[in-house]
Amino acid sequence: MTSSSSSSPPPPFQAALLAGGLAGTTVDLSLFPLDTLKTRLQSSAGFFPSGGFSGIYRGIGSALVGSAPGAAFFFCTYEATKGLLLSRSGGGSSSGLLPDAATHMIAASLGEVAACAVRVPTEVVKQRAQAGLHGGSSAAALRAILGRYPTHGLGAVWREMYRGWGITVFREVPFTVIQFPLWEAMKDWRWRQRRRQGGGHGGADVSGVESALFGSVAGAVAAAMTTPLDVLKTRVMLSKERVSVADVFRRMVREEGVRPFFAGVVPRVTWISIGGAIFLGSYQWAINTMRTIA
């Protein structure tokens, strides 16, 4: 497997690029309706004013554009960083400078920052379309943002496209710091168990199905723990004017209390649990397939 204590090396750049792009597109397309419902539940306008159960595929155009490159950026950075840290640390936690979990946390954090360069602009457009703003389509939401250029300049367009960058990174890094070490640890446990039972084949990785199961569990845990950050991110991105995360947080606590911080927790956990299975299962399947072909 790909963790430092197993014998499979990290996949090459091209494999991580293709497998990551496939995984990102697959999960975003299959679970887009749940993501829409979650966004509407978190909107300050309310669930039904934001669209309710109608038009649940609004914004899918921006998701199609951003899914593959965002996931590819993540996995290329993740695998490259992990490989670098393992080569510097001697290839394992028992003899290296860093424990396995720390290696995975650092690699996943850098991967998320790289992915957010693509993910944030597409997320801004997607969530505005999902919430029924600017006509309820990705194209209309994008035109509304680009329409600020003649009067406000390029800087205003850039700031609008990357609105919520800070809170997105602030949400994604804790999420991935929880999810990926859990996923890697469960993969490592399964690989060691198989080897003790005599079923390991050299450096054979875990299967795509096993990776999907472990990704689902890890994703559910991480999703539940980071829901308040996700709510803050959604409120910032849907605000009519630029607002700070601190202002949104204070206003929510003062006017709404604690409960809204867990708005959408059920669809978020459901969506990410299923998404973790599809995302990490399809990624592992693609990596295993490319290793077999090679």
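Residues numbered from 1 in each chain as written. Predicted model: local features only at pLDDT ≥ 70, side-chain atom pairs only at ≥ 80, totals over all residues. Heavy atoms only, no water.

- An unreviewed UniProt entry lists the protein under the name S-adenosylmethionine transporter, from Purpureocillium takamizusanense.
- Here is the UniProt Subcellular location (unreviewed entry) comment for the protein, exactly as written: "Mitochondrion inner membrane".
- Per UniProt, the protein carries the Sequence similarities (unreviewed entry) text "Belongs to the mitochondrial carrier (TC 2.A.29) family." (UniProt positions renumbered as here; feature names shortened; annotations may be inferred.)

### With respect to the overall build of the protein
Point 1. Helix and strand content of the protein: 11 helices and 0 strands.
Point 2. Mapped in sequence order, the helices and strands of the protein form the string α-α-α-α-α-α-α-α-α-α-α.
Point 3. For the protein, whose C-alpha radius of gyration is 20 Å, the value lies close to the compact-globule estimate of 19 Å for 294 residues.
Point 4. Sequence-distant contacts in the protein: of pairs separated by 6 or more residues, those separated by 24 or more amount to 78%.
Point 5. Working note: accessible area of the protein is about 13000 Å², and carbon and sulfur atoms make up 68% of it.
Point 6. Both charge centroids of the protein, one from 29 positive and one from 17 negative side chains, sit 3 Å from each other. (Helix = DSSP H or I, 4+ residues; strand = E, 2+ residues; numbered from the N terminus. Rg over C-alpha atoms; globule rule 2.2 N^0.38 Å. Contact = heavy atoms within 4.5 Å. Areas by Shrake-Rupley, 256 points an atom, 1.4 Å probe, with all protein chains shown as cover. Lys, Arg positive; Asp, Glu negative; His and termini not counted. Charge placed at Lys NZ, Arg CZ, Asp CG, Glu CD.)

### A short note on empty space enclosed by the protein
Point 1. One pass over the full model with this rule turns up 1 cavity of 30 Å³ or more.
Point 2. If you add up the space inside the largest cavity, you get close to 680 Å³.
Point 3. As for the largest cavity, its lining consists of 31 residues, and the residues nearest its centre are Val27, Asp28, Arg119, Glu172 and Trp271.
Point 4. Elements represented by at least two residues in the lining of the largest cavity include exactly α1 (13-30), α2 (32-42), α3 (60-89), α4 (100-130), α8 (165-196) and α11 (265-293).
Point 5. Per element, the largest residue contribution to the lining of the largest cavity is 7 residues, and it comes from α3.
Point 6. For the lining of the largest cavity, the class distribution of residues is 11 nonpolar, 10 polar and 10 charged. (1 Å grid on protein atoms, 1.4 Å probe; cavity = no way out; pocket = protein on both sides within 12 Å on 5 of 7 lines; lining within 4 Å. Points joined across faces, edges and corners; volume = space filled by probe spheres on them. Nonpolar A, V, L, I, M, F, W, Y, C, P; charged D, E, K, R; others polar.)

### A few points about helix α5 (residues 138-146)
Owing to its 3.6 residues per turn, the α-helix brings residues three or four apart onto one side.
Point 1. Ser138, Ala140, Ala141 and Ile145 are the residues of α5 that are buried. An end-on view of α5 places all buried positions within 170° of arc, on one side of the element. (Buried < 20%, exposed > 50% of the residue type's maximum accessible area, 1.4 Å probe, protein only. Arc of directions from axis to C-beta.)

### Some thoughts on the environment of Phe75
Point 1. Looking at where Phe75 falls in the secondary structure, it is placed in helix α3.
Point 2. The class of Phe75 is buried, set by a relative accessible area of 0%.
Point 3. Other than its neighbours up to four places away in sequence, Phe75 contacts Ala16, Gly20, Phe180, Phe279, Leu280 and Tyr283.

### Points about the nonpolar core
Point 1. Within the largest apolar cluster, 28 residues are counted, with the highest numbers of intra-cluster contacts made by Phe74, Phe75, Tyr78, Phe180, Trp183, Phe279 and Tyr283.
Point 2. Elements supplying a minimum of two residues to this core: α1, α3, α4, α8, α9 (208-238) and α11.
Point 3. No other element matches the 7 residues that α11 contributes to this core.
Point 4. With residues up to four places along the chain from it excluded, the contact list for Tyr78 reads His104, Ala107, Ala108, Gly111, Phe180 and Glu184.
Point 5. Membership of the second largest hydrophobic core comes to 10 residues, among which are Ala141, Ile145, Val157 and Met237. (Core = buried A, V, L, I, M, F, W, Y, C linked by side-chain atoms within 4.5 Å.)

### Thoughts on the state of the cysteines
Point 1. In this structure the tally under the stated criterion is 0 disulfides.
Point 2. No disulfide involves Cys76; its sulfur sits 16 Å from that of Cys116, the nearest cysteine.
Point 3. The exposure class assigned to Cys76 is buried, which follows from its relative accessible area of 10%.
Point 4. The buried category is assigned to Cys116, whose relative accessible area is 0%. (Disulfide = S-S within 2.5 Å.)

### Overview of the layout of surface pockets
Point 1. Space inside the largest pocket adds up to approximately 250 Å³.
Point 2. What lines the largest pocket is a set of 15 residues, among which Ser44, Ala45, Arg235, Leu238 and Ser239 lie closest to the centre.
Point 3. Elements represented by at least two residues in the lining of the largest pocket include exactly α9 and α10 (245-255).
Point 4. Of all the elements, α10 adds the most residues to the lining of the largest pocket, at 4 residues.
Point 5. Of the residues assigned to the lining of the largest pocket, the class counts are 6 nonpolar, 4 polar and 5 charged.
Point 6. Counted as a void, the second largest pocket has a volume near 150 Å³.
Point 7. Residue lining of the second largest pocket: Arg128, Leu133, His134, Ala144, Ile145, Arg148, Glu160, Arg163, Leu238, Ser239 and Lys240, and that is the complete set.
Point 8. Split by residue class, the lining of the second largest pocket holds 4 nonpolar, 2 polar and 5 charged.

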